[in-house]
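Structural characterization, general
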Amino acid sequence: MMMKNTLTVFSLLFLMACGNSEKESATDYKTMNFSMDTVMVDPGQEIINLKNNLWISDISKDKKYLFNWDQDNSILEKINLDELRLEEKLTFEKEGPNGIGSYISWISLLGEDQILFANFQDMGLFGFNKEKIKTYTLKGQEFEGDSLEQYESFNRRAILTNEGNDIYGILGNWTSKTHTLAKVDFKNKTLKKHALPGFEKLADFSVMLQTGQMTMISAADQKIQEIEGKLILSNSVFNSLLIYDLDMDSLYKIEYNNTLTKNSKTGKYQNQVESDAEFQRVMTDINAEITFLAPVWDTKNQKFYRFSYESIPSDVPLEEGERAKSRVFLTVLDKEFKILGEALVSGLQEVPNTHFVKDGKIWIAKNIEDELGFVRLSF
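Residues numbered from 1 in each chain as written. Predicted model: local features only at pLDDT ≥ 70, side-chain atom pairs only at ≥ 80, totals over all residues. Heavy atoms only, no water.

**Section: the side chain of S326**
On the secondary structure map, S326 appears in strand β27 (residues 326-334). On the basis of relative accessible area, S326 is assigned to the buried category, the value being 4%. Residues within four places of S326 in sequence aside, it is in contact with Y309, E310, S311, I312, L348, Q349 and V351. (Helix = DSSP H or I, 4+ residues; strand = E, 2+ residues; numbered from the N terminus. Buried < 20%, exposed > 50% of the residue type's maximum accessible area, 1.4 Å probe, protein only. Contact = heavy atoms within 4.5 Å.)

In structure tokens, the structure reads:
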């Protein structure tokens, strides 16, 4: 399949804040030209597995490659974003000395030729030659410094530093519903935790369904990113951010006020239900409130872009493969996290789950008739 381009140009009412004084209430409304085009990835004679909508994926630091994990076949798909083509498929072993395990929960890149695979038991660092370099295990290990509680694990992607000796991540405990920022030094066997102010509120927006031997949990999302020497911690419940300075070993909070949406979810919800219908009802109500995605960094223009959305409840059953519609908002922030503008993105009705900034454009992954495409937003 060859690359396909479609271009849509429309205007957004963009709210620009004037002045730095909190007492100043003047605003300047400007119409901003905004364009969208769609490009397709050429898979050649292969198939890119989009079953999980790129949920287990990572992008190289230079934004040249996107790596997607094919859970069904234990294959790492290497997608060249400059040339928009599937460049390579790397098949990994499940068992043996170079085995990655039967299930991968997340992946994280280290440099240009190494990747970390995480499963429920441990994490393995592999080269692209498919050989295991190192194994990281939390369970049953003794660390100096802070203690590791039972059931604590890195619930989403963690970040490797110091040539793979240190791992930073959000340690979650599904039993106590706690979250901490942790630095694990596997070389010196030390563990240091930082409390995450506000993250204790995330438990109010989780729902658990337990029927017999089955337990289903839907929890608020959290994300950690490394951007220019700082770790940015965000979650889906409120717009405030926690910033950890790697050099200064300090954690601080960033707050800003959105004008088009609320700054956080505010509802009161039932946290434990007894039927699938109740589970779906509570989740629909939670998602109808504002949900925040993690900010993405535009190196070229030195700005952050952050999407948020409100799902639109509907009593009409969806067709197979059809997704619920949402109102999608975009907040633009400078490098100090001051709001430059915000807008309702009328051209988007689906949640931009997997997205990044490349060459000054926001790339949003999209499944188009079982082929991988990207909707690109340009200012």
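**Quick notes on the packing of aromatic side chains**
For the structure on display, the rule yields 18 aromatic pairs. Ring plane angle 90° and centroid distance 5.9 Å describe the contact between F92 and F126, whose orientation is recorded as edge-to-face. Residue F92 is found in the loop between β6 (85-91) and β7 (106-110), and its partner F126 is found in strand β9 (residues 123-127); the two are separated by 34 residues along the sequence. Comparing F92 with F126, the two get one shared label, buried. Here a set of aromatic residues connected by ring pairs shows up, and it is made of W69, F92, F117 and F126. Its end group placed over the ring of Y65, K78 keeps NZ or CZ at 4.4 Å from the ring centre. One residue, R156, lies across the ring of W55, its end atom 4.2 Å from the ring centre. (Phe/Tyr/Trp six-rings, centres within 6.5 Å; stacked < 30°, edge-to-face > 60°. Lys NZ or Arg CZ within 6 Å of the ring centre and 35° of its normal.)

**Observations concerning the environment of K89**
The topology assignment puts K89 in strand β6. Under the relative-accessibility criterion, K89 is labelled partly exposed at 25%. Along the sequence, K89 and I75 sit 14 residues apart, while their C-alpha atoms lie 6.3 Å from each other. The residues contacting K89, other than those within four sequence positions of it, are E46, I47, I75, L76 and E77. Separated by 2.6 Å, the side chain of K89 and the backbone oxygen of I47 make a polar contact. (Polar contact = N/O pair within 3.5 Å; in protein donor to acceptor, adjacent residues only side chain to side chain.)

**Some thoughts on the pairing of strand β5 (residues 75-80)**
With 6 of 6 residues buried, β5 lies mostly within the body of the structure. Of the two faces of β5, both are covered, the one formed by I75, E77 and I79 as well as the one formed by L76, K78 and N80. As defined by bridge partners, strand β4 (residues 65-70) adjoins β5 across 6 bridges and the pair is classed as antiparallel. Bridging from a neighbouring strand, N68 pairs with E77 of β5. (Pairing = 2+ DSSP bridges.)

**Some remarks on the pattern of salt bridges**
For the structure on display, the rule yields 18 salt bridges. Note that E152 is salt-bridged to K193, the shortest N-O span being 2.9 Å. Of this pair, E152 sits in strand β12 (residues 152-154) while K193 sits in strand β16 (residues 190-195), and the two are 41 residues apart along the sequence. The network of salt bridges with common partners includes K78, E83, R85 and E87. (Salt bridge = Lys/Arg side-chain N within 4 Å of Asp/Glu carboxyl O.)

**Description of the environment of T175**
Position of T175 among the secondary structure elements: in the loop between β14 (166-173) and β15 (178-185). It is 7.3 Å that separates the C-alpha atoms of T175 and Y151, two residues lying 24 residues apart in sequence.

**A closer look at the nonpolar core**
Of all hydrophobic cores here, the largest spans 24 residues; its most connected members are L181, L196, F199, V207, I224, L231 and L233. Elements with a minimum of two residues in this core: β14, β17 (207-211), β20 (230-235), β21 (241-245) and α1 (276-288). Per element, the largest residue contribution to this core is 4 residues, and it comes from α1. Contact partners of V207, with chain neighbours within four places excluded, come to M216, I217, S218, Q270, N271, V273, F279, V282, M283 and I286. (Core = buried A, V, L, I, M, F, W, Y, C linked by side-chain atoms within 4.5 Å.)

**Considering the confidence of the model for the protein**
Residues with a pLDDT of 70 or more make up 88% of the protein, whose mean pLDDT is 88. Confidence drops under a pLDDT of 50 for residues 13-30, and excluding neighbours within four residues, the segment shows 31 contacts in the predicted structure. (pLDDT = per-residue confidence, 0-100.)

**Some details on a nonpolar patch on the surface**
A contiguous nonpolar surface patch, about 360 Å² in accessible area, is contributed by Y151, W174 and I217. Relative to the assigned elements, Y151 resides in the loop between β11 (144-145) and β12. The class of Y151 is partly exposed, set by a relative accessible area of 46%. (Patch = residues over 30% accessible without salt bridge, like charges linked within 9 Å, V, L, I, M, F, W, Y side chains within 5 Å. Areas by Shrake-Rupley, 256 points an atom, 1.4 Å probe, with all protein chains shown as cover.)

**A closer look at the sheet that holds strand β18 (residues 214-218)**
Sheet strands line up and pair through hydrogen bonds in the backbone, either parallel or antiparallel. Across the sheet, 3 strands lie side by side as β18-β17-β23; this open sheet has mixed pairing. Strand pairing shows two members of the sheet lacking a second neighbour, β18 and β23 (272-273), which therefore form its edges. Sheet analysis places β17 next to β23, joined by 2 bridges and oriented parallel. Paired with L209 across the strands is V273, a residue of β23.

**Describing the pairing of β18**
The sheet contact formed by β17 and β18 spans 5 bridges and is antiparallel. Directly across from L209, in β18, lies its bridge partner M216. Joining the antiparallel neighbours β17 and β18 is a turn of 2 residues, in which G212 adopts a positive phi near 65°.

**Some remarks on α1**
For α1, which comprises 13 residues, the first-to-last C-alpha distance of 18 Å matches the rise-based estimate of 18 Å (1.5 Å per residue) to within 8%. Residues of α1 that are buried include every one of F279, V282, M283 and I286, and no others. Down the axis of α1, the buried side of the element spans an arc of 100°, and every buried residue falls inside it. Against β17, β18 and β23 lie the buried residues of α1. (Expected span 1.5 Å × (residues − 1). Arc of directions from axis to C-beta.)

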